[in-house]
Amino acid sequence: MSSLSAKIGPSILNADLSQLHEESQKLLDNGADYLHLDVMDGMFVPNLTFGHPVVKCLRNKIKDAFFETHMMVQAPQQWVEPMADAGVNQYTFHIEPVMDSVVDICRKVQEAGMKVGLAIKPGTPVEMVKEFITLADMVLIMTVEPGFGGQKFMTDMMSKVQWLRENYPNLDIEVDGGVGPATIDACAKAGANMIVSGTAIIRADDQAAVIRQLKHSVNSAIRN
């Protein structure tokens, strides 16, 4: 695991979206390594958030930060080019609704100049993503049901993270959902190195301190 590094990507879902630029810049100033942008279509998940026009506006304000879009959508292939045009760096999509076309979508994402992230829901066996890992830059293990912020962390998802880390020692593995100071050690010990944290960072009195704590836990696990 020595080639890996801890990366903390706050989810802006629980931020004040009317102040999206200011909230995002504050997170970056407080030590965030990237921004995790949750895109929901109201079909794959019941909630609805924002799309590529909002991401593009944010990119116009924040030129250099690494943007990851977490596409919780039924037809991820539909939004590849608009998100690339909006300045997204990594396009992370769920494999569940598109199992027959994951390979094609991965290629489309790469051709558009973005990194590929593959995401699976809690009910999806980790083996389902195995055949596509050679095409991916990162795998996201959801530790809550996708669709809403503020849910309780599912500890039993750590076995998926552990399996991935044992089989793919240099893979970037991301966890998302209910991750914060109380749950970071479980994530770090299982082998996650990319940490999405929403409520725990956004609503913290000292965002920088929480980001430092999360990063320290992951880096300690990587060194050990």
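Here the structure is shown first, and the text comes after it.
Please read these numbers as outputs of a predicted model, since none were measured by experiment.

Topic: the environment of Q110
Right, so step 1: You can see Q110 is positioned in helix α4 (residues 102–111).
Right, so step 2: Each C-alpha atom, one on Q110 and one on G198, is 27 Å from the other, the two residues being 88 residues apart in sequence.
Right, so step 3: With near-sequence residues (within four places) excluded, Q110 lies in contact with V116 and L135.
Right, so step 4: Within the structure, Q110 has its side chain in polar contact with the backbone oxygen of L135 (distance 3.1 Å).

Some thoughts on the environment of G177
Right, so step 1: Checked against the element boundaries, G177 lands in the loop between β7 (172–176) and α6 (184–190).
Right, so step 2: By relative accessible area, which is 8% here, G177 ends up buried.
Right, so step 3: For the pair G177 and A6, spaced 171 residues apart in sequence, the C-alpha separation works out to 17 Å.

Concerning helix α8 (residues 207–223)
Side chains that are three or four residues apart share a direction in an α-helix, a result of its 3.6 residues per turn.
Right, so step 1: Between its first and last C-alpha, α8 extends 24 Å over 17 residues, near the 24 Å set by a 1.5 Å rise per residue.
Right, so step 2: Among the residues of α8, Q207, A208, V210, I211, L214, S217, V218, S220, A221 and I222 are the ones counted as buried.
Right, so step 3: Against the buried residues of α8 lie β1 (7–10), α1 (20–29), α6, β8 (194–197) and α7 (199–202).

Some remarks on the side chain of K160
Right, so step 1: Residue position: K160 is located in helix α5 (residues 158–167).
Right, so step 2: Of the side chains with opposite charge, E96 lies nearest to the buried K160, which makes no salt bridge, at 7.0 Å.
Right, so step 3: Among the polar contacts listed, one links the side chain of K160 to the backbone oxygen of K121, at a separation of 3.1 Å.
Right, so step 4: Setting aside residues up to four positions removed in sequence, K160 forms contacts with I120, K121, P122, G123, T124, V126 and I141.

Quick notes on the pattern of salt bridges
Right, so step 1: Taken as a whole and assessed by the stated rule, the structure comprises 3 salt bridges.
Right, so step 2: For K7, the salt bridge is made with D172, and the minimal N-O distance between the two is 3.5 Å. On the criterion of sequence distance, the pair formed by K7 in strand β1 and D172 in strand β7 is long-range, its members being 165 residues apart.
Right, so step 3: Residue classification places D172 among the buried residues on the basis of a relative accessible area of 16%.

Calculation notes
Residues numbered from 1 in each chain as written. Predicted model: local features only at pLDDT ≥ 70, side-chain atom pairs only at ≥ 80, totals over all residues. Heavy atoms only, no water. Helix = DSSP H or I, 4+ residues; strand = E, 2+ residues; numbered from the N terminus. Contact = heavy atoms within 4.5 Å. Polar contact = N/O pair within 3.5 Å; in protein donor to acceptor, adjacent residues only side chain to side chain. Buried < 20%, exposed > 50% of the residue type's maximum accessible area, 1.4 Å probe, protein only. Expected span 1.5 Å × (residues − 1). Lys, Arg positive; Asp, Glu negative; His and termini not counted. Salt bridge = Lys/Arg side-chain N within 4 Å of Asp/Glu carboxyl O.

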